[in-house]
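Remarks on the overall topology
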Amino acid sequence: MKSFEEISELLKNNFSDIQFEFHPEAKFEPYILVPANKIDTVCLFLRDNNDLYFDSLINLSAVDDFNGNKIKDPQGNEIMQGGTMSIYYHLESIKFRHKLLVKVIVDRDNPSVNSVTSIWNCANWHEREAFDLFGINFNNHPDLRRILMPYDWEFGHPLKKDYQNPEFYQGMRVPY
Amino acid sequence: MGLLDKEFSDNNILITTTENLFNWARLSSLWQVGFGLACCAIEMMATSASHYDFDRFGVIPRPSPRQSDVIIVSGTVTLKMALRVKRLYEQMPDPKYVISMGSCSNCGGPYWEHGYHVLKGVDRVIPVDVYVPGCPPRPEALLEGLLKLQEKIRYESITKKNNEIV
Amino acid sequence: MSIKTEEMVLNMGPQHPSTHGVLRLELTLDGEIITKVVPHIGYLHRCFEKHCEVMTYPQVIPYTDRMDYLAAMGNELGYVIGVEKLLGIQVPERVEYIRVIMAELQRIASHLVAIGTYGADIGAFTPFLYCFRDRERILNLFEITCGARLLYNYIWIGGLSHDLHPDFVRLTKEFIREFKPNLKELNNLLTFNKIFIDRTANVGILPLETAINFGITGPMLRASGLKWDLRKDDTYSVYDKFDFEIPVGSGKMGTVGDSWDRYYVRVLEMEESIKIIEQAIAQLPDGDVTSAIPKKIKPPVGHIYSRVENPRGELGYFIVSDGSTSPFRVKVRAPSFVNLQIMDELCRGHLVADVIAILGSVDIVLGEVDR
C-alpha cells in the first residue's frame, strides 16, 4: 500500500515533461492536479504500472466552480462568462488497497477534455452524464449523447448554476 | 353472498335497473394496469401482497393496458415519461378510470419548486378521478381511494357522458 | 438457395411488468438470439443534485431517502457520515449501534424484495407473497421506531431523530426467531428448485476482470469470486466490532459468476445480517441519541467522498462545501447506475427470456439510476 508522497514521486519521475501540482495539505483528501490534455496518458500509466495498479475507477464528478464574471444577457437574466469547471477522478487499487484523487480544470465557456473510456469502461456513462448536465465535451468518447434528459432537450445543460427553466416543453407547462 | 344471497331461494328472478346492474359489475372487478413508477409502486405491491390483499376487491394486475379498466399512476411523472403515460391512457378502452397515488403525481410532490424535469401533477396530461395523498400513502389509504372510486362508479349514469380529455 | 434475413429491433418499453421500474431496453435480435442491448434511462430523473444546492444540509436527508427507495436507511447513513466527517463531530456509541441495526434490517428487507420479484419474473409467484409477508414484520419494526414504513428521515446529522421504542428489542428478537425457519422454507421452495436452477445457472456469466474494469460492486462482484465488502475492507461506523462472514460465489450449480450465484449470494447475506443484528442487540450501550446534534451546520470549505455498502453495491457521496449552510455540489455515485452498463456484455448470445433473468439478477432500482 503506497502513501500519497510515494505515488507523487513515481509520477514525477515518469513524466518529467508534465507540470503536475501536488496538494497533500488539502484538509480531507489530498489530490493531484493534472493538465487537461494529458489526463489519458497519466491514467494509462496509473492503471498499468505494476507498483500502482489502479484497476478501478470509483467515481467521476464534474463541478461548476462559478468563479467568472456575472453579466446580464439580452433577456435580462444573469449569466456568467469566463471561469472554470473542475472534474474529479477517484481511483482505487483493489490489489494494493490504496486510493487517489486526480483533479482536472477546464474552461467554463468551451469545456473539453480527453475521455478515459478506453482505459476504464466504467467511465462511459459517467462522462455521458457530465456532458448532459454540464456540457463538457469528451474527445474520443464512443457514444457521446444525452443520457438523463430527453434527447431533444434544447434548453441547455441543467446543472450549471446560471441555468434558466423553459416555460413549455412539447405542450406541457414546466414551472409549478 | 350479499346481493344474491336470498334471491334464489324463493324464485330465480332479480329485479333491478340496467344502470345499477352495469355499475355493480364494473366496480366489482376493476382490473388495473401494472404501472409503477417510483416509491409508491412498492406500497402498491405491498397492497397486492397477502397482508393488505387487493384481490378481495376484485382488482387483478394485468400487464397490458388494452385489457384493463383502471390505471393507478404511482410515483413521479417526469417530462420524458409524460408522453408515454398519455399514450398508455389512450390505449385503454372505455370505460376507464385513473387513480393518482402519492403526492408526486398529485401535484409534483417534494420536487415542486426546483425540479426542472418533473411534471407538476399527472392531471396536466390525463384526467384524474381520485387523488390519494401521502408520501408514500399507506396501503390502507390506497384501499380507501379504491373504495371512493367504487362509490363514484356506483352513482354513474350510462346515459350522461363523462368529461372528455382536455 | 439462400434466404435473406434481417435483424429486428424490439423495444421493451418503459412500461413493462418485469423491468423493475421505468427502464427501456432496445434489443436487436437475430431470430431469438440477442446481438445488442441498448438501455435508455432518464425516465425518473428527479433532479436530486439541483435540490441539494438550494436546500440546507438537514433538509437534504428526505431527498436522499427517495433515491434508492428500497434501502432508505443506507442512503441516509452514507450522506450523514460524509457531513459528520466534514464537521469533525463524533457521535455517541449508542447512536452507532442503532444505525448498524437499522442498516442491517434494511438490508434484509431489500434482499427480500429482490428475491421475491426475481422469482415472480421467472414465473414463480408464491415466493413473492412469502417474502412480502416477512417484509411486513420488518416494516412494523421501523414503524414503531420512527413512524414511517418506507421513507424514514430517521438518521440525522449528529444522531437520530428518536430513540428506540421500549418494546423494540423484544420484538426484534421475536422476529429473528421466526425468520430463521422461514429462510429454510424459502430455500426449499425456490433456491434449490430444479426449474429455477435450469433458468438461471450458466446464464449471464460475468468474469472477474470485466467486472472490475466496469466498476461493478456489491453482490454482483462477490458472486464473480472476489471477497470485497466495504464493511470489512474500508470500515465505517462500528462494523469492526462484529464477527461475520462475506459470502462469495462458488459456481455450485453452474459456473462462477452466473445468475444463480448472484441470487445465492443475496440469500447468504441475509443470514449474515441476522448474525450482526443479534450481536449488536447484545452489545447495545446506553446513552442519549440527540446530544451531539449541532444547532448550526456550517462545514468548512473542502470536499470529501464518503461511501457505504448498500444492498446493491457501493453508494458514494462526493460533497463539496463552500462554507455556507447548503452544500455547493453533491454528486451521488449510485451502484445501480454503474452496474447497469454491463447489460450489453452479459446478454450477447442469449435468448430473449434470458434477458429477464439477467436483469433480475443485476437488481437495479430506477430511483437511484436516474436520481
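Above this note sits the structure.
Below you will find a few notes about this structure. Just so it is clear, the model here is predicted, and its values are computed rather than measured.

**Focus on the overall build of chain A**
Check the secondary structure of chain A and you find three helices and 11 strands. Listed by position from the N terminus, the elements making up chain A come as α-β-β-α-β-β-β-β-β-β-α-β-β-β. Viewed in the frame of its principal axes, chain A has a C-alpha envelope of about 55 × 30 × 30 Å. Counting the 176 residues in chain A, one finds 53% classified as buried. Of the accessible surface of chain A, which amounts to about 8,100 Å², a share of 44% is contributed by carbon and sulfur atoms. Taken together, the 18 basic and 26 acidic charged side chains of chain A have centroids lying 3 Å from each other.

**Let's talk about the packing of helix H6 (residues 168-191) of chain C against helix H11 (residues 259-282) of chain C**
Residues and elements named next belong to chain C. For the pair H6 and H11, interaxial distance at closest approach is 11 Å and the crossing angle is 160°. Of the possible angle classes, the one that applies to H6 and H11 is roughly antiparallel. As for the relative orientation of H6 and H11, their crossing is left-handed in sense. Contact with H6, carried on its side by Val169, Thr172, Lys173, Ile176, Phe179, Lys180, Leu183, Asn187, Leu190 and Thr191, involves Trp260, Tyr263, Tyr264, Val267, Met270, Glu271, Ile274, Ile277, Glu278 and Ile281 of H11 and no other residues of that element. Here the contact of H6 with H11 is built from residues that sort into 13 nonpolar, three polar and four charged.

**Comments concerning the side chain of Gln150(B)**
All names here are of chain B. Checked against the element boundaries, Gln150 lands in helix H6 (residues 139-154). Under the relative-accessibility criterion, Gln150 is labelled buried at 9%. A distance of 3.0 Å separates a polar side-chain atom of Gln150 from the backbone oxygen of Leu27. Those residues in contact with Gln150 that lie beyond four places of it in its chain are Leu27, Leu30 and Phe57.

**Topic: the sheet that holds strand S2 (residues 61-62) of chain B**
All names here are of chain B. The five strands lie next to each other as S2-S1-S3-S4-S5, forming an open sheet whose pairing is parallel. Single-partner strands in this sheet number two, and they are S2 and strand S5 (130-132). Relative to strand S3 (residues 70-74), strand S1 (residues 32-33) runs parallel, the two being bridged by two bridges. Across the sheet, Val33 pairs through a bridge with Ile71, a residue of S3.

**A few points about the sheet that holds strand S2 (residues 24-30) of chain C**
Residues and elements named next belong to chain C. Across the sheet, which stays open at both edges, the three strands sit in the order S1-S2-S3 with antiparallel pairing between neighbours. Each of the sheet's edge strands pairs with one partner strand only, and the pair in question is strand S1 (8-12) and strand S3 (33-40). Neighbour-to-neighbour, the strand axes of the sheet open up by a mean angle of 25°, direction not taken into account. The pairing of S2 with S3 spans seven bridges and is classified as antiparallel.

**Some details on H11(C)**
Because each turn of an α-helix spans 3.6 residues, side chains separated by three or four positions in sequence point in the same direction. Between its terminal C-alpha atoms H11(C) stretches 36 Å, which fits the 34 Å expected from 24 residues at 1.5 Å a residue. Burial analysis of H11(C) places 18 of its 24 residues in the buried class, which makes it a mostly covered element.

**Digging into the interface of chain C and chain B**
Tallying the contact residues gives 30 residues for chain C and 34 residues for chain B. Where chain C abuts chain B, roughly 3,000 Å² becomes buried across the two surfaces, and 66% of that area is made up of carbon and sulfur atoms. Summed over the three residues of chain C that lose the most area to chain B, namely Gln15(C), Tyr43(C) and Arg46(C), the buried surface amounts to 21% of that side. Taken together, the links from chain C to chain B amount to two salt bridges. Salt-bridge contacts for Arg138(B) lead to Glu143(C); the nearest nitrogen and oxygen are separated by 2.6 Å. Those elements that provide at least two residues to the side of chain C that touches chain B are helix H1 (48-54) and helix H5 (126-146) of chain C.

**Description of the interface of chain A and chain C**
Interface size is commonly expressed as the accessible area that is lost once the parts come together. The interface is formed by 43 residues belonging to chain A together with 39 residues belonging to chain C. Here chain A meets chain C over a buried area of about 3,500 Å², counting both sides, of which 59% is carbon and sulfur. When the buried area of chain A at its contact with chain C is split by residue, Phe28(A), Trp125(A) and Leu148(A) rank highest and sum to 21% of it. At the junction of chain A and chain C, the tally comes to five salt bridges. With a closest N to O distance of 3.4 Å, Glu53(C) and Lys161(A) form a salt bridge. The tally of links between chain A and chain C comes to 16 residue pairs in polar contact (both at pLDDT 80 or more). Looking at the side of chain A that touches chain C, the elements with two or more residues in it are strand S3 (56-64), strand S6 (84-92), strand S7 (99-107) and helix H3 (123-134) of chain A. Counting residues per element, the side of chain A that touches chain C draws most heavily on S3(A), which supplies eight residues.

**Details of unusual backbone geometry**
Only a minority of non-glycine residues have a phi that is not negative, and only a minority of peptide bonds are not trans. Asp94(B) connects to Pro95(B) through a cis peptide bond whose omega is -10°. Tracing the backbone shows Pro95(B) in the loop between helix H4 (79-91) and strand S4 (97-101). Cis geometry is found at the peptide bond from Cys135(B) to Pro136(B), where omega equals -5°. Within the secondary structure layout, Pro136(B) lies in the loop between S5 and H6. With phi around 65°, Arg97(A) is a residue other than glycine that occupies positive phi space. Following the sequence through the fold, Arg97(A) ends up in the loop between S6 and S7.

Cut-offs used in this document
Residues numbered from 1 in each chain as written. Chains lettered and ligands numbered in written order. Predicted model: local features only at pLDDT ≥ 70, side-chain atom pairs only at ≥ 80, totals over all residues. Heavy atoms only, no water. Helix = DSSP H or I, 4+ residues; strand = E, 2+ residues; numbered from the N terminus. Buried < 20%, exposed > 50% of the residue type's maximum accessible area, 1.4 Å probe, protein only. Areas by Shrake-Rupley, 256 points an atom, 1.4 Å probe, with all protein chains shown as cover. Lys, Arg positive; Asp, Glu negative; His and termini not counted. Charge placed at Lys NZ, Arg CZ, Asp CG, Glu CD. Axes fitted to C-alpha atoms, helices over the stretch in contact; angles between N-to-C directions. Parallel < 35°, antiparallel > 145°, perpendicular 65-115°, else oblique. Left-handed = near helix turned anticlockwise from the far one by under 90°. Contact = heavy atoms within 4.5 Å. Nonpolar A, V, L, I, M, F, W, Y, C, P; charged D, E, K, R; others polar. Polar contact = N/O pair within 3.5 Å; in protein donor to acceptor, adjacent residues only side chain to side chain. Pairing = 2+ DSSP bridges. Expected span 1.5 Å × (residues − 1). Buried area = accessible area lost by both parts, 1.4 Å probe. Salt bridge = Lys/Arg side-chain N within 4 Å of Asp/Glu carboxyl O.

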